[in-house]
Amino acid sequence: PGDGCSATCTVEAGWNCPSTGGACTPQCGDGRKLGNEQCDDGNTNNNDGCSSTCTTEAGWTCTGATGTKSTCTGTCGDGKKVGNEQCDDGNSSPGDGCSASCAVETGFKCAGDAGARSTCSVICGDGITIGGEACDDGNTNSGDGCSNNCVIEGGWTCQSPTGGRTTCTATCGDGSRKASQACDDGNKNGGDGCSATCSIEAGWKCTGDVNARSTCVPVCGDGIQTGSEACDDGNTKSDDGCKADCSATELGWSCTTVPGGKTTCTVKCGDGLKMAVEGCDDGNVVAGDGCSAECTVERGYACDGSPTSKSTCETGCGDGIVKGKEQCDDGNFADNDGCSAACAVEQGWDCTGSSPSVCKSKCGDGKKVGSEACDDGNLNAGDGCSATCTVEPGWTCEGPNGATICGGICGDSLRVGQEACDDGNTKDGDGCSATCGVEDGWTCSVPASGGASVCVATCGDGKKVGAEACDDGNKNAGDGCSPTCAVEDGWNCKGSPSVCGGLCGDGKLVGGEVCDDGNTKSGDGCSAACAVEANWQCDTAAPSTCKCAGNWKGPRCDCDNSLTCSDKGFCRAIDGGCTCNVRYFGADCKIYVAPLRTVEKAAAVDVSTSIGLSADKNSNGAEEAALVVPAGALKTATSIAIDEFKFNSTLMGGKFGQAPEVLGTVKDFQPSGLVFEEPVDLTLAFPIPDDIATTKDEFLVHWLNPQTAEWDEIVSTFDKKTGTSSCKINHFSYYAVLRTAPKPVVSAPSGGDGGSSGLSPGAIAGIVIGVLAVAGLAVGLALFVFMKRQNRARFPLGEKASHTLHQGDVELLGGNRSLSPDVESPPPSARSNATADGHSPLLNENTTATPHTPPGPQPSHIDAASPPQLADDSEDVMFTC
């Protein structure tokens, strides 16, 4: 034995032996590793780990005991990418792109043909700093601190959290100005124009190209005395006390400056030097001599003088005749009309004529006087103040009688002056800011026809703004974000800059998706994360179509193809076991059990029908089973049958959990999976236990759920006096009364059947209608379709490879036992091994129940022509699988 030919010279399972003698060889591909086979995975396919000659293929490891099916997996770390390995770089070290389980690590990409060594490299620009990357700021743009090949650029400092996005800041004080810096003068000293944070200090201007050292000088005329300035009175004009170049205080003036602030200059009245702002200066501060103590010309006088000479004053001003020292005489003593009360031409005016003088404001001298709306010191148009000293459209000009300062009116749809844009409003977030500056990520332009600025998001700059659905920092198609910054079909993009990935569940295979079957449900081959699930294979169509791989089958591809279930059932995907046809039981569906009793009755659509098992009654005389089908519960007239079985806990217990305690017999109602239009009444009787008066246990109807292989409780009404449990059901299955420990009933069971729960009649009606009509009908209908398609297959009530049937296990109907009076016996021609609808035949009143004889060799103690009956004194009968 063990070499293919047994001790009795029969061919052992899994071997081939020549009929003329010679050595036996194992059957490669039958799922049994025997003899010199290195592996046997149940097929003769290559490239799945076990070759067509049952040798372990390179790059694979196959395991499995002798006589069992081999399981092959890729050998991770051997440098051969096979099977489900995403990569194999020849080692099992993490952190190099290919993990210890041969999966591509985050932030890496791996290349390499199947069966060859994978080469992995970091993905620069994905915002994950790993491997040899010095930085990764989420883009491949240079000039932002992290170069296009993820190297830190000169003049930058970058922070990179492990596995995270790099943040780079320009290094201030290195003498190399970056685009994000206003200046960099090579130090971090304040007060020299460029601050310690490389921003331009107030009162300075700095120049210098990008990547070069900045040069900073004070700004003369800005009203901030800084650096080498001796004074700064806010302008660059002479004759006001501070020289035009801010280098010194002018003669005849006294100036004071607040540190870091504006210089204030006043003339020295009485020094004998007449400054421009003085009406006169006669060298004293005595009033009544024509020049007052404040150096103003007194009424009725005219005074001359210059910055280099003392004033001489004479009487006669205001008579309308220019004479003597008078510069003008307009016939009055009013100021601010061009000719002052001292008959001097006032600043900003031109006076002509002598009898009397006619004065007009002087446009362009920087002094707003008379009817001038503005005067910015020039006669240029387009700067806010026109050549005629009127305010131009789109501008606002401010200032007293001195120089006028003009600026654009932000939000008036006219882009003028220093405005970078003007979109007709002062709102942020639309491209043009509240101060009329172009916002980051936008481009603004003025139409050729003029008018408000039009701003559009700058696609490809990595800043998602405005109407952009995404912006990943480039204008490449096929990466999720299109060249027009729209999310491409099948992608999902988030963040700014946008990070795009395949939109799992939309049926479009893009990005890193291995499959996409149009949903995000697992268990159908393509998982909720769009990865191919175990035992499945998916194509690359849109949407992906997935099917079972290799030998796997079933709705979830977790059923082994080698399990045949003796051709009396089918492989059950939920746990890989067998679901047997009606009256067949056991792990391989080889045990045929005839019912104790069978009744059958025709049920009409519009008439109530009652059918029951009444041959045996319990001690209180209750009928074994009573089914009442009300009128309207059936769509069509149907022949209803009840099979009665009695099992021990070994066959009865189901595959999962503790075997339940069944009272009485189990009833199988047919047609299998029949669903009713409305609930029908079911009453089951059972032997009354001796402790029924004192026990707190519950005796409720249960049904065998083929989806879970367990008995599900139904809300029932239990009557201790009669030993019956009643309930309402909406579909056919196996039903029995189980004894269980008491527990509170919080909701109707998932089986969809309902009954009394101690609620009011109205509440009970609501529960029955709602639960039965929705959950029960759905489950029942699904069960019906499921059973119909599987040839009325029933769920197995056992799982062992062989069973010994004792007298207490199965009670077979003797030849002298008659059926219930309700039986309508089918004609002999209809009582073959199976009826047309797939059921086992109903028993005639003189029919002996016999086990079905499976095909193939029979045990030596069973007569295949006359299958045995179990008599009262019979020995155990072994059905060997």
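Bear in mind the structure is a predicted one, so any value in this text is a computation, not a measurement. (Residues numbered from 1 in each chain as written. Predicted model: local features only at pLDDT ≥ 70, side-chain atom pairs only at ≥ 80, totals over all residues. Heavy atoms only, no water.)

Trainee: When you look at the overall build of the protein in this model, what are you seeing that I'm missing?
Mentor: Within the protein, the regular secondary structure consists of 2 helices and 44 strands. Here the protein holds 881 residues, and 41% of them are scored as buried. Sequence-distant contacts in the protein: of pairs separated by 6 or more residues, those separated by 24 or more amount to 40%. Of the roughly 41,800 Å² of accessible surface on the protein, 52% is carried by carbon and sulfur atoms. (Helix = DSSP H or I, 4+ residues; strand = E, 2+ residues; numbered from the N terminus. Buried < 20%, exposed > 50% of the residue type's maximum accessible area, 1.4 Å probe, protein only. Contact = heavy atoms within 4.5 Å. Areas by Shrake-Rupley, 256 points an atom, 1.4 Å probe, with all protein chains shown as cover.)

Trainee: Whenever I open this one, the environment of Ala529 confuses me. Can you help?
Mentor: Along the polypeptide, Ala529 turns up in the loop between strand E22 (499–502) and strand E23 (536–538). Separated by 14 residues in the primary sequence, Ala529 and Cys515 have C-alpha atoms spaced 9.0 Å apart.

Trainee: I tried to follow the pattern of salt bridges on my own but got confused; where do I start?
Mentor: Pairs can form between side chains of opposite charge whenever their charged atoms are close. The final tally for this structure, using the stated rule, is 13 salt bridges. Notably, a salt bridge pairs Asp304 with Lys325, separated by 2.8 Å at the nearest N-O pair. In this pair, Asp304 sits in the loop between strand E13 (301–303) and strand E14 (313–315) while Lys325 sits in the loop between E14 and strand E15 (349–352), placing the two residues 21 residues apart along the sequence. One salt bridge in this structure joins Lys635 and Glu677, with 3.9 Å as the shortest N-O distance. On the criterion of sequence distance, the pair formed by Lys635 in the loop between strand E33 (623–629) and strand E34 (638–645) and Glu677 in strand E36 (residues 675–685) is long-range, its members being 42 residues apart. Take Lys635: its relative accessible area is 68%, and that puts it in the exposed class. A single network of salt bridges, built from pairs that share partners, joins Asp691, Asp697 and Arg739. (Salt bridge = Lys/Arg side-chain N within 4 Å of Asp/Glu carboxyl O.)

Trainee: I would appreciate a short explanation of unusual backbone geometry in the present structure.
Mentor: In most cases, non-glycine residues show a negative phi, while peptide bonds are predominantly trans. Following Ser496, the chain continues to Pro497 via a peptide bond in cis, the omega torsion being 0°. Going from Ala542 to Pro543, the amide bond is cis rather than trans, its omega being 0°. For Cys246, which is not glycine, the phi dihedral falls at a positive 65°. Positive phi values are uncommon outside glycine, yet Asn535 reaches one of about 75°. Mapped onto the fold, Asn535 is located in the loop between E22 and E23.

Trainee: Help me out: how do you make sense of the environment of Val487 in this one?
Mentor: Mapping Val487 onto the fold places it in the loop between strand E20 (454–457) and strand E21 (491–494). The spacing of Val487 and Cys470 is 17 residues in sequence and 6.2 Å in space, taken between C-alpha atoms.

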